Amino acid sequence: MARPLIGISTYWVGSARWGGWELPAALLPAGYPLLVQRAGGLAALLPPDLPELAAQTVARLDGLVVAGGPDVDPGTYGAERDPRTDPPARERDAWELALIGAALAGGVPLLGICRGMQLLNVALGGTLVQHLDGHRGPAAGVFGGHVVKPVPGTRYAAAVPEAVSVPTYHHQAVDALGRGLLVAAHAEDGTPEAVELPGDAFVLGVQWHPEMDDTDDRVMRALVRAAV
């Protein structure tokens, strides 16, 4: 059986260093494509482009992953910026929101990871908590971990039926749910850790970073199965 083609959003950085080079680059941590490959998919990296080209891009894919990254611009959901919120990445917001909209419109299986889950919620009219404590690691750039509990009867629970400890690094979270979304998993403090759209189309967002877990690829395997 042919492996499905899974696109993963990437982002521009002004300077990256490798070998003797230091140049602008489209960047994505290796964990994302490695997880797609381990789960049985073909990974295609999607650099930011014009939002009006998102539908053409998504039409060539069997599945879409919107990766983690900086905070979503509060202006996208009508809020004022909290001082602890990252500087806006408006071009990336516009591109990834367009990718999500195209996937939803076309029924293309979609997985949002961390920022990707937050963007999914915003794309459907939801809002975000701009700061909460206890969901990052002990230092900048260091992942933490906590337990996530599935909500019985959800798509996420069908893939991961038990409570599991997950790698986490975020300080924002879902506040008001977007249209049609339901919470599919919680942290022990009640923070929504997964959201999904019920129905035939695979639409799932997880707040943690499955690409940082070398042993549990069930979330990505669920996306790949839906994309076959």
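Residues numbered from 1 in each chain as written. Predicted model: local features only at pLDDT ≥ 70, side-chain atom pairs only at ≥ 80, totals over all residues. Heavy atoms only, no water.

(A) Structural context of the pairing of strand β2 (residues 11-18). Judged from the six bridges that link them, β2 and strand β3 (residues 21-27) form a sheet pairing that is antiparallel. Bridge pairing links Tyr11 to Leu27 in β3. Count of turn residues in the β2/β3 antiparallel hairpin: two residues, of which Gly19 carries a positive phi of about 55 degrees. (Pairing = 2+ DSSP bridges. Helix = DSSP H or I, 4+ residues; strand = E, 2+ residues; numbered from the N terminus.)

(B) A look at helix α3 (residues 90-106). In this model α3 runs 24 Å from its N-terminal to its C-terminal C-alpha over 17 residues, within 8% of the 24 Å that 1.5 Å per residue would give. For α3, the full list of buried residues reads Arg92, Asp93, Trp95, Glu96, Ala98, Leu99, Ile100, Ala102 and Ala103. Count one or two residues on from α3 and you reach Gly107, which has phi positive near 70 degrees. (Expected span 1.5 Å × (residues − 1). Buried < 20%, exposed > 50% of the residue type's maximum accessible area, 1.4 Å probe, protein only.)

(C) Geometry of the sheet that holds strand β6 (residues 110-113). As summarised here, the arrangement of the nine strands in space is β4-β1-β5-β6-β13-β12-β11-β8-β9, forming an open sheet in which the pairing is mixed. Two strands bound the open sheet, and with one partner strand each, they are β4 (42-46) and β9 (164-168). On average, adjacent strands in this sheet sit at an angle of 25 degrees to one another, irrespective of strand direction. Two elements, β6 and strand β13 (residues 203-206), share four bridges in a ladder whose sense is parallel. Considered in β13, the bridge of Ile113 is made with Val206. Those strands touched by helix α1 (residues 31-38) are β1 (5-9), β4 and β6, and its axis lies near 150 degrees from that of β4. (Axes fitted to C-alpha atoms, helices over the stretch in contact; angles between N-to-C directions. Contact = heavy atoms within 4.5 Å.)

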